[in-house]
Structure formats: structure tokens, C-alpha cells
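# Remarks on the overall topology
Each chain, letter by letter, is given below.
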Amino acid sequence: MLIRLAWNSLRSRRTTALLTLLTIALSTALLLGIQQIREQSRQSFMATVSGTDLIVGARSGPVQLLLYSLFHIGSATSNISWSSYAALRNDRRIQWTIPLSLGDSHRGYRVVGTHDDLFKHYRYGDQRSLQMAQGTTFADLFSVVLGAEVATRLGYQLGDALTLAHGTGNTSFVQHKQMPFMVSGIMAPTGTPLDQALLVSLEGLEAIHLGWRAGVPLPGLQVTPEQARQQTLTPRDVTAVLVGLKSRLQTFHLQRELNSRRDDPLTAVLPGVALQELWQVVGIAEQALMAVSGTALLIGIIGMLAVLLAATQQRQHEIAVLRALGCSPLRIALLLLLESLLLTLGGLVLGIVLLQGGLALLQAPLLSQFGLLLSLGALSPLQWQLCALILVLGLISGMLPALFAWRLASASRLIRRY
Amino acid sequence: MIPVLRLDALSFAWPHQAPLLHIDRLQLMPGEHLLIQGPSGSGKTTLLNLITGLQSGHGGTLEVAGHSLVQQSSRALDRLRADHMGLLFQQFNLLPYLSLVDNVTLPCMLSNRRRAAASHQGLTPAQEAERLLTRLQLDPALFHQRTVAELSIGQQQRVAAARALIGCPELIIADEPTSALDHTNRNHFMTLLFEELQHSGSTLLMVSHDPALANHFPHTLNLGRMPSC
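Residues numbered from 1 in each chain as written. Chains lettered and ligands numbered in written order. Predicted model: local features only at pLDDT ≥ 70, side-chain atom pairs only at ≥ 80, totals over all residues. Heavy atoms only, no water.

Moving on to the packing of aromatic side chains. All names here are of chain A. Overall, the coordinates contain eight aromatic pairs over all chains when judged by the stated rule. With a centroid separation of 5.5 Å and an interplanar angle of 75 degrees, the aromatic rings of Phe119 and Phe138 are classed as edge-to-face. Here Phe119 is found in helix H5 (residues 117–121), whereas its partner Phe138 is found in the loop between strand S7 (132–135) and strand S8 (143–146), with 19 residues between them in sequence. Across the pair, Phe138 and Phe119 agree in class, each one buried. Members of the aromatic cluster, joined through ring pairs, are Phe45, Phe71 and Trp279. (Phe/Tyr/Trp six-rings, centres within 6.5 Å; stacked < 30°, edge-to-face > 60°. Helix = DSSP H or I, 4+ residues; strand = E, 2+ residues; numbered from the N terminus. Buried < 20%, exposed > 50% of the residue type's maximum accessible area, 1.4 Å probe, protein only.)

Here it is in C-alpha cells:
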């Protein structure tokens, strides 16, 4: 019965109620959205590095190495020589290595030169290995394996030919036109940056750079694919190496050894530790965002409080009538409390709907622009906690008008001359 | 037969003030209507607040429908008011956000006893409300609209009367219900009200300082013992 009264009372103040609802909804969506981005970006970053014990690159900062090697963000300042890579490969403590060579692109997507070992040893998420949705891994020198998103976005099928561009810009002027690659396989989606990558063999990458010096083709030194096949295609260097160890106990030891090597300036990082460092940097921005959206929520709640309090002043007659009908002061206070609860709950639900709708719209651009996969669906435990917090805040702010009404109701000598 | 209202040596005084009210004996049987008259400050309003249980601290006996109001919890007094009394104010009787029918059925939401009484002969409280509103000559087109603010005061008072009457409470307490009405509307209102009281068997206790109303009542109590200035 109370709920019907509360509902009707809110309906009669539709405009202010709706505006209040909208404020709460927007701030809820903001707060939950930021939390979602925070959690899911961490999850997907974590999933990407989950199976790798060490990342080795040329000497640089750990975060930088992590970002360019696995997440294709930014670029390497220098490379590791092939001999260093070979030494790593032959180290007895190391079980597997995955060389990565970056620097080319295809229509805005990164090209990763690597080895068949990637398909064998790379693990992501819950120790999952890469699966082919169609086709096979590198069948030929000029084979390319596409990430799931690259294939769908650019509409490539098995057997299609494509040319790589030199450099990583979206519009590159220098194309490796003379040596087209053929799509030999398409990977199943992984939720990692590999979805937005094109994989080619290190040798293939070497082949298209034959006759190049210092990043530009030398005039008069055009090499045909046939000529390339005749040459030894051992790469001169690689950008980074993912390393899996036989025993994880060796991790720190090997890391220290690599970092302190004098003859060969390398950096080895533990992906988990580098991620923590990254979060420390990103965390400040995240906290600022959370603070702003928390403030927005507070403003919404205070707005609701103002609306409800202003209404209580005008509702003395209503309270008097309810008292005359035998409504106890407690019930009248509950009625007011229920109104703020309805508003907060409505705002909360609308906020969740807004968030999911917004995510559905933003999912594609976020993924392609930032490599951030935000999934729709159930809220995380932390998000539920935020929802509960919002409800509690709404209830607490509802207490004030309720208390006000309770005092009016208890004090009223209803029958009086107005 | 249990009297609807029984006062015995009822007295009331505000703290540190001279006694405001003293009634030796007053008893209303079902169907007996009473008009209380008197100038401002004679204690009319206080008397109504005492009878409805909204003002505590009286001396003597005060019983409504056989229930003593002395030493009752405020919860029990609220219950008593919901079950046995219908109240009618000067104005602002209605909740603006409810339709006429929802306004009239409010007592049935708050009191099981009133709901049971209103649901006689297979009628729902809403149907009973419509019946009462029709009897009080309100336009059926208005029944389910939220148009309280657009009603004239005469119409509003008739809706309030229907609400006081629904579920046949023993005692209907009216505080100057006609003071905002003009002469014609006042007579019209009183005629309709008495017709329905006949039907419901409720007892009306009305406070007014309009002497013309005395014609409608068999009994009048005058509290005008205060010296006029």
C-alpha cells in the first residue's frame, strides 16, 4: 500500500523525479563504467601475459618493453641481435622462446614477425594455447596468419593476398608491394592484442626487407620473391623475445643475469611485475576518475535530497490527512523513505541499462582503438558492491526527509485552522 | 447499546494555564448527531483533538465506540482512529496525487475493519467508493482522474465526505467542513451528508461557528462560556 502511495506521489512530481532519476542514473553508469574498464583492462592485460615467464628486449624501461612487445603500444628504440637470441634459445634453463619482430603494419594493424613456436608455446588466459579457426600456421615463406579481428574487419578469407606496409602508421607510403603474402590461417579470437595482429614468419619479414638499408629501399636493388627464396634469410635482429622457463624458481636468477650482462645490453622483465608498475602509473588516473564520478554521484544524491526536502515542506497537508486516517508517524516516515529508495533504485537500474547500452555501442571502437575488450553482461562483485553503496547512500539521504516528516507527523494537532 | 462517544468529567488544561475545557457528561448513541458551537478559543478544536486521540493529557473518561482513550499507546490510538472514525477538515482533505476513487478508498487501505465493512454485498472498496461519490452527486467522469486540484472546494468536500463515510465508521468528526462554501453549496453539502449518514448509520460530531447549521442538528452543545470581549 505504501509503495502505491510512494509511486503515485512520485508520478505526480514527474519532472523533478525524472530529472533526479536521470542524475543518479548517469552517475551510476559513470561509476560502474569506470570500474568496468578498470577491472576488464586489468583482466585482459593479465590474460595476455599469463603464460610468459620473462620478456626480453633491448635495454629500456620494463613498462615500455611490456607495452611494445605484447600489447603493440609504442615502439622499440632498439632491437636484440640474432646472436643474443640464439644464446637465449640455447640456454639450458630455458624451455621455449618466442621471438617477436615488430615494425611493419597492414592497414593500421600491426604485423608481428615470429616463429611457429608461438603457436606451440604461447599461453594466454587460463593457460590456453592459440587455436586456428581456419587454415594452418605458416605453410610457406610468404604465409600470413590473421588475428580474428583483422580477418573480420578487413574481410579476408583464406588464400587472399595482401601486401605489408613499412612502418606502423595507419597510412604508410612505403609498401612491400613486390612481395605479397597469402593468408594461410585465421586464428580464433583470444581477447588479447594478437586478435589485432597479422603474424608472419621471421624469414618472410626478412625477405621483404632484402635490398633495404636504414629503413628505405635502395634504388636499383629490387628483389623478386623468387630471388628471395634463394637467399639465406636469417634475421639480423628481433624486437623482443618471450621466454618460458623449465623451472619458475630460475626466473629471478635469469632475470638478474640478463639485466646485468655487460657485453649485450638486454632488459628482462617479469610481466606480472611490469604490469604492477603500469597499474601504479595508470592507478593515479583511475583514482582521479573514480573520485570525479563519485563526486557526480554525490551531487546526484544531494539533488535528490533537495527535491525531497523541498517537497516535504509542501506536504504538510498530506501528512495531516494521512495522520487523520490513522497512519502512524513511522509509516509516514517510511513513505518518504520509500520514495527516495524508489528514486535511487530506479536510477540504479537505469544506470546499469545505460552502461550496458553504452558499452554495446562503444565496444567496437574501444577494441579497435585501444585494444580493450569490454564484455557486456553480469556485473562483477566489486560493481555489485558499488551498487549496494549507491543504494545505501540513497537510503541515508532519504532518512533526512523521512525524519522531517516523522517530526511533522508526530507533532501535528491535525484539526486546526489554516 | 454501546454509546459511540462517552465523555465523563472530561477536563483539559494546557500546562500552567487555567482549565480550558470541562464537560461533565456527554453521550452520543449511534445515529445521534451533535453540533458543537462556540467562539474561537472556547476549546472546540482541542475537544476534537482529544476525541481523535491526537492530543493527550486529559482528565476524566473518554470512550469512542466502547474503547477508552486513556492510557493507550499512540499506535493503538492511530488504530482506533483508522477503524472507528472518519475525519473531515475545513479544506485540504485530499491527496493531490491520487484519483478521487483512490482518495476515498484510503481508509480501507489503512484499516481492515473499514475494508471489510466497505466490501459488503460483493462490492470492492473501489466500487463502494464510486457508489458513495455518485450518491454525493459527483460526476463519474472525474472518478479515476487525478484532478483534485481542478475540483471546486464544494466538490472536494464531498469527496472528503465520501472518504469519511466509507466503511461506515461509528463516529464522523467534522471540523468546520462548510466554512469555505457559500450558502447554497453549504446547504447542498449538509443535505447530501445527512442522507448518507442515514444510510451508513454513523454518528456525526461537527464543530462550527456558523449558527445557521444548527437547523440541521437535533442537538447542539455550546462551549461559549468564555466571556466575550
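Contact with chain B, which involves 31 residues of that partner, is made by 28 residues of chain A. Taken over both partners, the interface formed by chain B and chain A buries close to 2700 Å², and the fraction arising from carbon and sulfur atoms is 61%. There are two salt bridges connecting chain B and chain A. Here Arg323 of chain A ties to Asp78 of chain B by a salt bridge, and the two come within 2.9 Å at their closest N and O atoms. (Contact = heavy atoms within 4.5 Å. Buried area = accessible area lost by both parts, 1.4 Å probe. Salt bridge = Lys/Arg side-chain N within 4 Å of Asp/Glu carboxyl O.)

Below, the discussion takes up the UniProt feature "transmembrane region" (unreviewed entry) in chain A. Sequence positions flagged by UniProt for "transmembrane region" (unreviewed entry) are, in local numbering, residues 288–311, 332–362 and 382–409 of chain A. Taken end to end, residues 382–409 of chain A is 100% helix and 0% strand, and its two terminal C-alpha atoms sit 40 Å from one another. (UniProt positions renumbered as here; feature names shortened; annotations may be inferred.)

This paragraph deals with the sheet that holds strand S2 (residues 21–28) of chain B. Residue and element names in this part refer to chain B. Spatially, four strands are ordered S2-S1-S4-S5 in an open sheet, and the strand pairing comes out antiparallel. The open sheet terminates on both sides in strands that have one partner only, identified here as S2 and strand S5 (67–68). With two bridges connecting them, strand S4 (residues 59–64) and S5 associate as antiparallel partners. The partner of Glu63 across the bridge, within S5, is Ser68. Against the sheet, helix H1 (residues 44–51) engages strand S1 (5–12), S2 and S4, with an angle of about 120 degrees to S1. (Pairing = 2+ DSSP bridges. Axes fitted to C-alpha atoms, helices over the stretch in contact; angles between N-to-C directions.)

Turning next to the packing of helix H3 (residues 100–110) of chain B against helix H5 (residues 125–135) of chain B. Residues and elements named next belong to chain B. Look at H3 against H5: their axes get within 9 Å of each other, and the N-to-C directions meet at 120 degrees. In the crossing of H3 with H5, the sense of the turn from one axis to the other is right-handed. Along its contact with H3, which presents Leu100, Val101, Val104, Thr105 and Cys108, the element H5 presents Pro125, Ala126, Ala129, Glu130 and Leu133. (Left-handed = near helix turned anticlockwise from the far one by under 90°.)

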